[in-house]
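Remarks on the overall topology
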Amino acid sequence: MLLFPLASPSTTTALRLARRVDGRRVAVAFSDVERLRAALGRDVPAARMCLAAAHAMLDPIGVREVCVDPQALVEPQAVQHRVA
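The paragraphs below set out a description of the structure included in this document. (Residues numbered from 1 in each chain as written. Predicted model: local features only at pLDDT ≥ 70, side-chain atom pairs only at ≥ 80, totals over all residues. Heavy atoms only, no water.)

**Focus on the overall build of the chain**
The secondary structure content of the chain amounts to 2 helices and 6 strands. Reading the helices (α) and strands (β) of the chain from amino to carboxyl end gives β-β-β-α-β-α-β-β. Buried residues in the chain amount to 36% of all 84 residues. Pairs at least 24 apart in sequence give 74% of the contacts found in the chain among residues at least 6 apart. Counting only carbon and sulfur atoms, one obtains 51% of the accessible surface of the chain, whose full area is about 5200 Å². (Helix = DSSP H or I, 4+ residues; strand = E, 2+ residues; numbered from the N terminus. Buried < 20%, exposed > 50% of the residue type's maximum accessible area, 1.4 Å probe, protein only. Contact = heavy atoms within 4.5 Å. Areas by Shrake-Rupley, 256 points an atom, 1.4 Å probe, with all protein chains shown as cover.)

**Examining the environment of Met57**
Summarising the element assignment, Met57 is placed in helix α2 (residues 51–58). By relative accessible area, Met57 is classed as buried at 11%. A sequence separation of 43 residues divides Met57 from Ala14, and the C-alpha atoms of the two residues are 9.3 Å apart.

What follows is the structure, given as structure tokens:
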């Protein structure tokens, strides 16, 4: 299970995305709360989920890569997925 930062808390789950230097979109995830906070701050909402669940949300929009424990992030984007 990994922690995936969310774009904002709401009735939809929106994973935060970043971009690689070459422009490719990538999802970011963290192995523990301390690493999440170190990279993004204390007040970032996050959801704990398995990699397969994250890929189920990301594959339809063409995001194939998840970067675990990144240390530097570029401006994130949101991927929205309605929660039933």
